[in-house]
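Structure assessment
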Amino acid sequence: MPQPRLRLSRHEREVRARGIAADQGGVAHRKQLREVGITRADIRTEITAGRWHVLGKHTVGIGSAAPTGEALWWQAVWESGAGAALDGAVALCAAGLKGFTPWRIDVTIRHANRHHQLEGMRLHRVVALPPLAGGGLPRVCVENAAIRAACWTRTDREAALVLCLVVPQRLTSPQVVRHGNGGRVYLDAGWEDIGLFVEIDGGHHQWALNPVDDALRQNDLVAAGEHVLRVPVLGLRLAQDRFMAQVVMAHERLTLQAAS
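Here goes a summary of the coordinates provided. Just so you know, the residues in each chain are numbered from 1, in the order the chain's sequence is written. With pLDDT at 70 or above as the cut-off, local features in this predicted model cover only qualifying residues; side-chain atom pairs require 80 or more to be listed or tallied, and sums for whole chains, interfaces and linings still use all residues. Values shown for side chains rest on all heavy atoms present in the structure; no hydrogens or waters enter the calculation.

1. Here we look at the pattern of salt bridges
Close approach of charged atoms allows side chains with opposite charge to pair. Each salt bridge in this description consists of a side-chain nitrogen of Lys or Arg and a carboxyl oxygen of Asp or Glu lying within 4 Å of one another. Enumeration over the complete set of coordinates arrives at 9 salt bridges. Of the charged contacts in the structure, one is a salt bridge between Glu14 and Arg18, with a shortest N-O distance of 2.5 Å. One end of the pair is Glu14 and the other is Arg18, both in helix α1 (residues 10–21) and 4 residues apart, which spans about a single turn. On the accessibility criterion, Arg18 (44% relative accessible area) is partly exposed. Under the DSSP-based scheme used, a helix requires at least four consecutive residues in state H or I and a strand at least two consecutive residues in state E, with every element numbered from the N terminus. Each residue's exposure class comes from its accessible area (1.4 Å probe, protein chains only) as a fraction of the maximum for that residue type: buried when under 20%, exposed when over 50%, partly exposed otherwise.

Dropping the structure here:
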């Protein structure tokens, strides 16, 4: 007959659990604990003794301190539902953004997945997840998170601050560089993973031969299979909602195509 599994000593449980929680702000997922030999009974013992505490269905706080910062981010991802990812300003902070404190935790999850709403968090349910960053906390990539953070801030001032911080801190670059028949092509904004680009046309685009150059540059990209939306700077003043709705529509459609 198989020998009964020996329970870990209190000291060994603590060493293994803190080894996991050290990189996660002091919290661990129950599955992570089981993977290093800490049983459900072990977890109950530590919680009953007040040395660990329950932070949801999946999250355990290793120690008695209340979760803060990164611990809350992991909790939000684990407790929101399978496939959840940090989004907006908190995703930028998880990527290393300094000088901005999110007032809420934004989490995005696929619409079809089971989900759970946590206090202090806003859940965004989408048909297809935007591109995610690799490694560490599950989070939306910097470029998408920056745009979404700007849309979700409380004031225009906060939105401008977020967008002004991500480039100087080298979390992303200010322009997309492509190579066309005429050499390098600098585009104002783009999502290279789905082939969508946006060009903001200032007044100088109408001067002299600039319309010809613009047309040649755009046609090169379209002929290569890219998708380019043009937005006159005057249009941002007079019909901003309509132009931004076009960008959102194109992004959602191309994201779905890429995922299928």
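2. Describing the nonpolar core
One finds Trp73, Leu86, Leu92, Leu97, Ile105, Val107 and Met121 to be the most contacted residues of the largest nonpolar core, which totals 33 residues. At 6 residues, helix α4 (residues 70–80) tops the list of elements feeding residues into this core. Residues count as neighbours in contact if any of their non-hydrogen atoms are within 4.5 Å of one another. Beyond its immediate stretch of four places on either side in the chain, Trp73 contacts Leu86, Val90, Cys93, Ala94, Ile105 and Leu137. For this analysis, a nonpolar core means a set of buried residues of the types Ala, Val, Leu, Ile, Met, Phe, Trp, Tyr and Cys, connected via side-chain atoms within 4.5 Å. One finds Leu8, Ile43, Trp52 and Ile62 within the second-largest nonpolar core, a separate group that totals 11 residues.

3. Points about the side chain of His29
Residue placement: His29 occurs in strand β1 (residues 27–29). Throughout this description, a polar contact denotes any pair of N or O atoms lying within 3.5 Å of each other; where both atoms belong to protein, one of them has to be capable of donating a hydrogen while the other can accept it, and for residues adjacent in sequence the pair is counted only when both atoms sit in side chains. Within the structure, His29 has its side chain in polar contact with the backbone nitrogen of Lys31 (distance 3.0 Å). Excluding residues within four positions of it along the chain, His29 makes contact with His58 and Trp78.

4. Digging into the pairing of strand β5 (residues 105–110)
Burial within β5 is extensive, with 5 of its 6 residues counted as buried. Only when DSSP finds a minimum of two bridges between them are two strands counted as paired. In this structure, strand β4 (residues 85–87) lies alongside β5, joined through 3 bridges in antiparallel fashion. Residue Asp87 lies in a different strand from β5, and its bridge partner there is Asp106. Across 6 bridges, β5 lies against strand β6 (residues 121–126) in parallel orientation. Paired with Thr108 across the two strands is His124, which belongs to β6.

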